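# Coordinates in review
The lines below spell out each chain.
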Amino acid sequence: MADVVLYWLRNDLRLHDNEALAWAAAHGAAVLPVYCFDPRQFDRTAVGFPATGPFRARFLIESVADLRASLEELGSGLAVRVGVPEQVLPRLASECGAHLVVAQQEPAPADAAIEEDVRAELEADGRELRLFWGSTIVHRDDRSAAGAEDFRVRAPLSVPRAFPPLPNIARGRMPTLGDLALRAPEQDPRAALQPRGGEAAGFQRLVAWMWTGNALGAYADEPTPERPTTPDTSRLSPWLALGCLSPRFVHAQVLEYERRRVRNAGTRAFVAALLARDACRWAALDGRLPLLDIPAVGAGERRRLDAWRTGRTGLPFADAALRELRLTGWLGHDARRVVAHQLVHDLGLDWRLGAAWFASQLLDHDACISTAHWMAAAGLPDGPLAPEPRLDPLAAGRRLDPTGATIRRWLPRLAPLPDDAIHTPRPPQTPSGESTERTT
Ligand SMILES: Cc1cc2nc3c(=O)[nH]c(=O)nc-3n(C[C@H](O)[C@H](O)[C@H](O)COP(=O)(O)OP(=O)(O)OC[C@H]3O[C@@H](n4cnc5c(N)ncnc54)[C@H](O)[C@@H]3O)c2cc1C
């Protein structure tokens, strides 16, 4: 039994199926769970917008608050600090006499670098950082057996029934959006989903989509003339990205669904999506994903970037998608591809600028998945995914939004146009500043 254990929470904001948490609960005489709001994550990027925008920041705050409440129900709690982990954790470990810090290993290059800084600081002080795995369906240690058809998924771990007591340390106040220099986002009634952060809300979404809505079996359905759009995807990605939902738990639910309802192309395609997510993490672990350094931009590039991110490029479907992203924090997969190809190939901008905007705005930002897809859209041969041939955003828009419903929803001033003119490109507009960005 270790004495006092410090449990550093990262993208594993859950009680269920959590290796680091289960280990700490079983081995610590006292355990201090701690979450650090790292100010670097909320700085302004080199191109002027916040590294984390308000939708994702709010979702994160909700997720941490939900976990704090759950830990309190277990007789524990959560210390919260605003500060860089490599300074906060050694200080806290020293205050509470913890020689061991446990955490979930994060494969994204920026997170892995922080991990190494934390380890160095702790070891300089005679302390240890021990890392656990928990962000894929296939365990890191089972990887060699994993293949497209043949992979093993371990059973999810259960929630500990009780938790060791907290050492006597100030818990700290949850930061508000204002503390992070962000304003509360307006809730747009057109948003397809208005997700709330946290494990409980993640479970609710899973149940609503998979079980109540019975949507998993139709996941692979193609559009038909009667139903011209593809079925709704799960929209579980925001909870998966922060680890409010364990991917292994979601996979176990798929197996349960196959037992109780149906096993078909939809369930297989969904598992393939979860494996694609795993593959992005393996690419990071294998050193095949670069750190995202945002390049400097000149005035012309800045204008093109601003027109793109505010949805004023003149290409109606892409502009509608970019407005949906900025006003809700969400974008469907196909629309992500369209605007990514537009940025790289039509606007001639560096893919890292687009990736930085996605990182700022997307509720589900996941550095491994995002970098892999942006590199593929940019046609880079050394990325983990096959380089994609250029996608024509105009043709793709017509295919994805044949009736123009998406354009009319997000660009209502184009609504009166007849169907055969709705996709016609228009002259780009000049962005006139953040304060007038909101368009209805
Ligand atoms: C340019 C670009 C950037 C992207 N950035 C992100 C990102 O930051 N975070 C993110 O989670 N996804 C990202 N994706 C992948 C994909 O678009 C989203 O995972 C998906 O749209 C999330 O919706 P969903 O939860 O309804 O997915 P579903 O279709 O219901 O799939 C279930 C889960 O599988 C995973 N998944 C699905 N598709 C993929 C895929 N192609 N690659 C890897 N994992 C997948 C996700 O975790 C998803 O939640 C990006 C795609 C592109 C083209």
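Our subject is the structure that appears above.
Residues numbered from 1 in each chain as written. Predicted model: local features only at pLDDT ≥ 70, side-chain atom pairs only at ≥ 80, totals over all residues. Heavy atoms only, no water.

## Examining the site of the ligand
So the rule is basically this: Throughout this document, a residue counts as near a molecule or strand when at least one of its heavy atoms sits within 4 Å of that molecule or strand. Identification of polar contacts relies on pairs of N or O atoms within 3.5 Å, with a donor-acceptor requirement for protein atoms, meaning one able to donate a hydrogen and the other able to accept it, and with residues adjacent in sequence counted only if both atoms are side-chain atoms. Methods summary: accessible areas were calculated by the Shrake-Rupley approach with a probe of 1.4 Å, and residue burial reflects only the protein chains presented. Starting at the N terminus, helices and strands are each numbered in turn, a helix being any DSSP run of H or I of at least four residues and a strand any DSSP run of E of at least two. Side-chain classes are defined by residue name, with Ala, Val, Leu, Ile, Met, Phe, Trp, Tyr, Cys and Pro counting as nonpolar, Asp, Glu, Lys and Arg as charged, and the others, Gly among them, as polar.
As a matter of local geometry, the ligand sits amid 24 residues, with Tyr-219, Thr-233, Ser-234, Arg-235 and His-333 nearest to it. Here an oxygen atom of the ligand and a side-chain polar atom of Ser-234 are 2.6 Å apart. Calculation on the ligand without its partners gives an accessible area of 820 Å², and the protein chains cover 94% of this total. Listed by contribution, the elements that provide at least two residues to the shell around the ligand are helix H6 (237-241), helix H8 (265-285), helix H11 (333-346) and helix H13 (367-377). At five residues, H8 tops the list of elements feeding residues into the shell around the ligand. A class-by-class count of the residues in the shell around the ligand yields eleven nonpolar, seven polar and six charged.

## Notes on the layout of surface pockets
Defined as follows: Here a cavity denotes grid points, spaced 1 Å and computed from the protein atoms alone, that fit a 1.4 Å probe unable to get out, and a pocket denotes an open set having protein on both sides within 12 Å along at least 5 of 7 lines; residues with an atom within 4 Å of a point are the lining. Grid points are joined across faces, edges and corners, and a volume is the space filled by probe spheres set on the points.
In this structure, the second largest pocket spans a volume of roughly 1200 Å³. Surrounding the second largest pocket, 47 residues form its lining, Gln-41, Ala-110, Asp-111, His-365 and Ala-367 being those nearest its centre. With five residues, helix H4 (residues 109-124) is the single largest residue contributor to the lining of the second largest pocket. Tallied by class, residues from the lining of the second largest pocket come to 27 nonpolar, seven polar and 13 charged.

## A few points about H11
Put simply, the test is: Expected span of a helix: the number of residues minus one, times 1.5 Å. Exposed residues in this analysis have more than 50% of their type's maximum accessible area, buried residues have under 20%, and partly exposed residues fall in between, with area computed by a 1.4 Å probe over protein chains only. The criterion used for residue contact is that any of the two residues' heavy atoms lie within 4.5 Å.
In this model H11 runs 19 Å from its N-terminal to its C-terminal C-alpha over 14 residues, within 8% of the 20 Å that 1.5 Å per residue would give. Within H11 the residues assigned to the buried category are Ala-335, Arg-336, Val-338, Val-339, Ala-340, His-341, Gln-342, Leu-343 and Val-344. In the core, the buried residues of H11 are packed alongside helix H9 (299-309), helix H10 (316-328), helix H12 (351-361), H13 and helix H14 (393-400).

## Here we look at the pattern of salt bridges
It is possible for side chains of opposite charge to pair when their charged atoms get near one another. Operational definition: Salt-bridge detection follows one rule: a side-chain nitrogen of Lys or Arg within 4 Å of a carboxyl oxygen of Asp or Glu.
Considering all chains together, one arrives at 26 salt bridges under this definition. Arg-173 serves as the salt-bridge partner of Asp-179, at 3.0 Å between the closest nitrogen and oxygen. Using a relative accessible area of 41% as the deciding quantity, one classes Asp-179 as partly exposed. In this structure, Glu-388 and Arg-337 form a salt bridge, with 3.3 Å as the shortest nitrogen-oxygen distance.

## A closer look at empty space enclosed by the protein
Taken as a whole and assessed by the stated rule, the structure comprises three cavities of 30 Å³ or more. In this structure, the largest cavity occupies an estimated 50 Å³ of space. As for the largest cavity, its lining consists of Phe-55, Arg-58, Phe-59, Glu-62, Gln-187, Gln-194, Pro-195, Thr-328 and Leu-363. Per-element accounting of the lining of the largest cavity gives the leading share, four residues, to helix H2 (residues 54-73). When grouped by side-chain class, the residues that make up the lining of the largest cavity number four nonpolar, three polar and two charged.

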